[in-house]
Amino acid sequence: MSGPLVVLVGPMGVGKSTVGQRLAERLGVAYRDTDDDIVTGQGRAIADIFVEEGEPAFRAVEKAAVLRALTEHDGVLALGGGSVLDQETRALLAGRRVVYLSMDVEEAVRRTGLNAARPLLAVNPRKQWRELMEARRHLYEAVATAVVPTDGRTPEEVTQAVLDALEWNTAAPGDRPGNPRPEDVVTSQVTRIQVGGSAGSEPYEVLVGRQLLGELGGLIGDRVKRVAVIHPEALAETGEALRADLAGQGFEAVAIQVPNAEEAKTAEVAAYCWKALGQSGFTRTDVVVGVGGGSTTDLAGFVAATWLRGVRWIAIPTTVLAMVDAAVGGKTGINTAEGKNLVGSFHPPAGVLCDLAALDSLPPNDYVSGLAEVIKAGFIADPVILDLIEADPEAARTPAGPHTAELIERSIRVKADVVSSDLKESGLREILNYGHTLAHAIEKNERYKWRHGAAVSVGMHFAAELGRLAGRLDDATADRHRTVLESVGLPLHYRHDQWPKLLENMKVDKKSRGDLLRFIVLDGLAKPTVLEGPDPAVLLAAYGEVGE
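What counts as what
Residues numbered from 1 in each chain as written. Predicted model: local features only at pLDDT ≥ 70, side-chain atom pairs only at ≥ 80, totals over all residues. Heavy atoms only, no water. Phe/Tyr/Trp six-rings, centres within 6.5 Å; stacked < 30°, edge-to-face > 60°. Helix = DSSP H or I, 4+ residues; strand = E, 2+ residues; numbered from the N terminus. Buried < 20%, exposed > 50% of the residue type's maximum accessible area, 1.4 Å probe, protein only. Polar contact = N/O pair within 3.5 Å; in protein donor to acceptor, adjacent residues only side chain to side chain. Contact = heavy atoms within 4.5 Å. Pairing = 2+ DSSP bridges. Right-handed = clockwise from strand over helix to strand, strands pointing away.

*Asks:* Give me the packing of aromatic side chains: which residues, what numbers.
*Replies:* Considering all chains together, one arrives at seven aromatic pairs under this definition. Arranged with centres 6.0 Å apart and planes meeting at 45°, the rings of Phe462 and Trp499 form a pair that is tilted. A residue pair is termed long-range when its members are at least 10 positions apart, and Phe462 in helix H19 (residues 452–469) and Trp499 in helix H21 (residues 499–507) qualify at 37 residues. For the ring pair Phe462 and Tyr543, a centre distance of 6.4 Å and an interplane angle of 65° mean the geometry is edge-to-face. Of this pair, Phe462 sits in helix H19 while Tyr543 sits in helix H22 (residues 536–546), and the two are 81 residues apart along the sequence. Residue classification places Phe462 among the buried residues on the basis of a relative accessible area of 1%. On the accessibility criterion, Tyr543 (0% relative accessible area) is buried. Members of the aromatic cluster, joined through ring pairs, are Phe462, Trp499, Phe519 and Tyr543.

Rendered as structure tokens:
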């Protein structure tokens, strides 16, 4: 494709001109700025065009300038901050190397707050900039090949970061670098997965990508005064950083630290959170943010569901398990001595931010544990997930694997499709419990010291054998459970002598009807169904394949 070697986009004041000139010098090509083209062509400042003719007239001039530059220029090109608002301009950028230079609100105010030549930031620059970015950020991300943050960096450092992102370090002056390898580009793609509303609930989006915290302010909204960030002890620094950032945006923000993992899901911890909300003066228009693993998002959602009979909440899951399961669908709850999630509520979030960068520091065992829910989605609905894992099991075990984003997105879509049709588990949603009946019994038996994914893995192995023995599932698909789960390092077995206790635990499972045990089994790959009241001898025989 002819045209510019690279196009820089981003908000006003981010430094496109400075970086663009340095980048052009490093690459030995010419630099061009569409804002400069407009000023030269019109013979007046951009601010004057806004004042004298209004924004629509300026956008028409800008669109024409961008079209000319994309056609005529073959070096480094910088576009004005609002260029991406035009749909045709965005279409023209498709397939080109586009770098989005980003910055946060504090940096933006420092750079633009006193600059009278910024016509769209004439009053209250912090608020105006935030509103502009809420409208434009997803447009920048949609057209970009790479994102390069500029906060706290010198122009030279940003220039080098652009070269690094596009793997152009070795380019000699005058050389036209080749296409960057996909694995060397810091991708800015954000996937938005819609979860439909039902039973009076509003639809919401699950965002999957990197550098997503800039989306949080938009999800919270302008009418909110107070925000409570519920986080586990292990994420104390993250929780405090979020609180400080929200406070900097003008919210009355409080951080509520809770215990790690399942220890957070108790009535005592929920009561502690309620007390904190009460002391903070939380009202129905305020928002709870839950950041952490599945236990934290379960708790945060439950606290939000029960405070003042329901306030809005936002989930920021930081584990695979939380991203693909706990944070999506609106099932919130806490545990009791009698079982897991027996006290809870259906209370969908206002939005979910799945920032894949959080997975980079996740302990390997926690990452692998979360794959159980991903594999579950493959067996009940999307076999492509299984194909991707089987193609390279070792790569699937790490967030650095080539299919990480796709595996998580596909798993979320499976759950989103199901819960959009059945919010309150009256029918279809039961299929999401594949492997969970035995898994919850194991977790209770282990006093919740086992990882949830490990228990689900054993539970799926059991469900596959149960389906086989009940005459529902073919041998090949049943055997595939063992090979896929084992290939990523998930367990297949549990203690044989614990069957009587597990059977009693399963009788109080939420999926039971009276004393009638219910299991989700497969009639074939991606064909889940319900098996009610199976013969006790069949159950024991199925567990005979699992117990050791």
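Resuming the write-up.
*Asks:* Give me the side chain of Arg226: which residues, what numbers.
*Replies:* Structurally, Arg226 is set in strand S8 (residues 226–232). Within polar-contact distance, the side chain of Arg226 engages the backbone oxygen of Gly281 at 3.3 Å. For Arg226, the residues in contact, after removing those within four places along its chain, are Glu252, Ser280, Gly281, Phe282, Thr283, Asp286 and Val287.

*Asks:* Which residues make up the pairing of strand S9 (residues 252–258), and what values go with them?
*Replies:* Bridging between S8 and S9 involves seven bridges; their strand directions are parallel. Paired with Ala228 across the two strands is Val254, which belongs to S9. In this fold, S8 hands off to helix H10 (residues 236–248), which returns the chain to S9; that crossover is right-handed.

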